[in-house]
Structure formats: C-alpha cells, structure tokens
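Next come the chains, spelled out residue by residue.
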Amino acid sequence: MKFTTILLALGTTAPAVLAADMDLVDMWVDTNFNGPKYTGRGDVGQCVNLPSNFNDNLSSGKARPGYKCTIWPDADCKTNRFDSSFDDKGSGASFPDWINDRASSWRCYRA
Ligand SMILES: [Ca+2]
C-alpha cells in the first residue's frame, strides 16, 4: 500500500521536474535573428531577467516551438501596460522601436 502511494506521488511530481529549466526562447542582438544569440532558459510562466551582456541589447526573438514569449522594458516583468510578444514563427524578427535595445526581462507560455 505504501509503495503504491509513493509511486503515485512520483507520477504526479515527475512531469513538473522534467518541465523545469527548459530552453524556451532565443533572442538576438540584431534584427532578423542575427548577431550574438541569447538562449533563455527557465520554467514556463516564470519571469527571467536578462543577463547584463544582453540587457538593453536585443533586437529580435523567437520562441521555441509551441511557446509564446513576452518581453518587458524593465526587470521582473514589470510595466505590464507596455510589453511585446512574439511567437515561434518569426513575428519577433524586429522588436518594436520602443523596446528595441531596451528589453530587460522575459516570460514564456505555451502557445
Ligand atoms: Ca531595459
């Protein structure tokens, strides 16, 4: 009986563990997915701040297949009135002027 309970518990928690820390998004310093590339790793729905070498320095982005990602001009995914989203098919080829070279955090969800 106890063994069964343990198996059931593992069955419910294992997928969450496997889903953690995935590569969810790629973003580039130049438009059209050119230049140095940053690969964003994290949990689905988790806000991630950009490292200093890519902060305020990105111009295009593409979500990994099946995801949609949003970028914010400030850290911690703040200023919700002003954000920009892109998909896995190329809609992020050129970030809008107001957030070009200004993105500081990102978050991805299942599309
Ligand atoms: Ca910024």
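Residues numbered from 1 in each chain as written. Predicted model: local features only at pLDDT ≥ 70, side-chain atom pairs only at ≥ 80, totals over all residues.

## A look at the overall build of the protein
For the protein, the helix and strand inventory stands at 1 helix and 7 strands. Start at the N end of the protein and walk to the C end: the helices and strands fall as α-β-β-β-β-β-β-β. Residues counted as buried form 25% of the 111 residues belonging to the protein. Across the protein, the fraction of contacts at a sequence separation of at least 24, relative to all contacts at a separation of at least 6, is 68%. (Helix = DSSP H or I, 4+ residues; strand = E, 2+ residues; numbered from the N terminus. Buried ≥ 20, exposed ≤ 12 C-beta atoms within 10 Å, placed from the backbone. Contact = placed C-beta atoms within 7 Å.)

## Notes on the sheet that holds strand β6 (residues 84-86)
Taken in spatial order, the 4 strands line up as β3-β7-β5-β6 in an open sheet, and their pairing is antiparallel. Looking at the sheet topology across the chains shown, the edges are occupied by β3 (48-49) and β6. As paired strands, β3 and strand β7 (residues 105-110) are joined by 2 bridges and run antiparallel to one another. Note on β7: the bridge partner recorded for Asn49 is Ser105. (Pairing = 2+ DSSP bridges.)

## Notes on the sheet that holds strand β2 (residues 34-42)
Sheet strands line up and pair through hydrogen bonds in the backbone, either parallel or antiparallel. Strands sit in the order β2-β1-β4 across an open sheet of 3 strands; the sheet is antiparallel. Strands with a single pairing partner mark the edges of an open sheet, and in this sheet they are β2 and β4 (60-63). For this sheet the average axis-to-axis angle between neighbouring strands, irrespective of direction, equals 20°. (Axes fitted to C-alpha atoms, helices over the stretch in contact; angles between N-to-C directions.)

## Comments concerning the environment of Ala75
Within the fold, Ala75 resides in the loop between β5 (67-72) and β6. On the basis of neighbour count, Ala75 is assigned to the partly exposed category, with 14 C-beta atoms found within 10 Å. With 27 residues separating them in the primary sequence, Ala75 and Val48 have C-alpha atoms 8.2 Å apart. Excluding residues within four positions of it along the chain, Ala75 makes contact with Asn49, Ser104 and Ser105.

## Re the confidence of the model for the protein
Confidence in the prediction for the protein averages 87 pLDDT; 80% of positions are at 70 or higher. Residue range residues 4-9 is modelled with pLDDT below 50. Its contacts to residues more than four positions away, or to other chains, number 0 contacts. (pLDDT = per-residue confidence, 0-100.)

## Focus: unusual backbone geometry
Even without being glycine, Asn32 reaches a positive phi, approximately 60°. Summarising the element assignment, Asn32 is placed in the loop between β1 (22-30) and β2. The phi torsion at Cys77 lies on the positive side, around 55°, for a residue other than glycine. Relative to the helices and strands, Cys77 is located in the loop between β5 and β6.

## Notes on the environment of Asn32
Using a count of 11 C-beta atoms within 10 Å as the deciding quantity, one classes Asn32 as exposed. The sequence separation of Asn32 and Ser59 amounts to 27 residues, and the corresponding C-alpha distance is 8.1 Å.

## Section: the nonpolar core
Soluble globular proteins: nonpolar side chains tend toward being buried together. Val25, Leu58, Ala63, Cys69, Ala103, Trp106 and Cys108 are the most contacted members of the largest nonpolar core, which totals 16 residues. Contributing elements (two or more residues each) for this core: β1, β5 and β7. Per-element accounting of this core gives the leading share, 4 residues, to β1. Once residues within four sequence positions are removed from consideration, Leu58 is found in contact with Met27, Trp28, Val29, Tyr38, Phe95 and Ala103. (Core = buried A, V, L, I, M, F, W, Y, C linked by C-beta atoms within 7 Å.)

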